[in-house]
Amino acid sequence: MVSFVCPLDRLPLSDDLRCPKGHTYRLINGVYDFLQEESKNNDILEKVAPLYEDIWAPLGFLITGRTSYSSVLKDAASHSSGREFLDVGTGPGKIFDYVKCEQCYGLDISMRFLAILKRKRSRVTAVRGDAMSLPFADESFDGATSMFVVHMFPDPSKPISEISRVLKRGGRCSMGVLTKRGMIANVLSRWWKLELRPETYYVSISERFNLKTTSVRQMGPWSLINCVKS
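Keep in mind that what you see is a predicted model, and the values were worked out from it rather than measured.

Caption draft 1: Spatial organisation of the nonpolar core. In terms of nonpolar packing, the biggest core is built from 35 residues, with F4, L86 and F136 touching the most fellow members. For this core, the secondary structure elements donating two or more residues are β3 (84-88), β4 (103-108), β6 (141-147), α5 (157-166), β7 (167-178), α7 (199-208) and β9 (222-229). The element best represented in this core is β7, accounting for 4 residues. For F4, the residues in contact, after removing those within four places along its chain, are P12, L13, L17, Y32, F34, Y105, V127, P135 and F136. F96, C104, A126 and L196 belong to the second-largest nonpolar core, a separate cluster that totals 33 residues.

Caption draft 2: Structural detail: unusual backbone geometry. The residue F148 is not glycine, and still its phi comes out positive at about 65°. As for its placement among the helices and strands, F148 is situated in the loop between β6 and α5. F148 gets classed as buried once you look at its relative accessible area, which sits at 13%. Although it is not a glycine, K193 sits at a positive phi angle of roughly 60°. Structurally, K193 is set in the loop between α6 (183-192) and α7.

Caption draft 3: Structural view of a nonpolar patch on the surface. A cluster of nonpolar side chains, namely L51, I55, L59 and I63, defines an oily patch on the protein surface of about 380 Å² accessible area. Counting through the fold element by element, I63 comes out in helix α2 (residues 52-65).

Caption draft 4: Structural context of the state of the cysteines. For the structure on display, the rule yields 1 disulfide. Sulfur-sulfur distance for the disulfide between C101 and C104 comes to 2.1 Å. Handedness of the C101-C104 disulfide follows from its S-S torsion of about 115°: it is right-handed. Comparing C101 with C104, the two get one shared label, buried.

Parameters at a glance
Residues numbered from 1 in each chain as written. Predicted model: local features only at pLDDT ≥ 70, side-chain atom pairs only at ≥ 80, totals over all residues. Heavy atoms only, no water. Core = buried A, V, L, I, M, F, W, Y, C linked by side-chain atoms within 4.5 Å. Buried < 20%, exposed > 50% of the residue type's maximum accessible area, 1.4 Å probe, protein only. Helix = DSSP H or I, 4+ residues; strand = E, 2+ residues; numbered from the N terminus. Contact = heavy atoms within 4.5 Å. Patch = residues over 30% accessible without salt bridge, like charges linked within 9 Å, V, L, I, M, F, W, Y side chains within 5 Å. Areas by Shrake-Rupley, 256 points an atom, 1.4 Å probe, with all protein chains shown as cover. Salt bridge = Lys/Arg side-chain N within 4 Å of Asp/Glu carboxyl O. Disulfide = S-S within 2.5 Å.

Listed below in structure tokens is the structure:
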């Protein structure tokens, strides 16, 4: 099993999820919970959680990206599958329908989404945590993805640096991001109240943290950036 660490100070945890400095975490209904207080979730996504993977995401992606949601997840899974695998911002964990992994971890801040993940994809270890401070030891994973999440952060460099930290050298990752490209992107940015950034921004930030871009797939305002950690 991949080693958990305290997200506050990166110290190893005991079997009962206790940190040497006194921080304690919990296993709740099969979900490892590393958030010591309730996080502010996106109200819209929380409401559509039961419909997200079958209706909300596929329809939204078909309209905005002119391609199928499943095809993008399959591309990311094909590039980034690995023995130890992590999906950051996993939602209901749809990508695990395509990922090949032996130790599979899905992380999200939403307990509602993680409950769906546990019900539909029981082989996946569900983790409630913050993408800006992942509760995993350095170089834990062979592969990682973060699909349509990184651009939601005020400072995307933080989750990207964390993905790099927990990825092994030679490990592969895929990130789906909303970019500053076209009228649809402007509409989506106003809807979600996001700061738009160009695709080159995400490529540059990734390479700053030793994630070398190997390919980019553009789908309307969306980009799938595939990387390898050097």
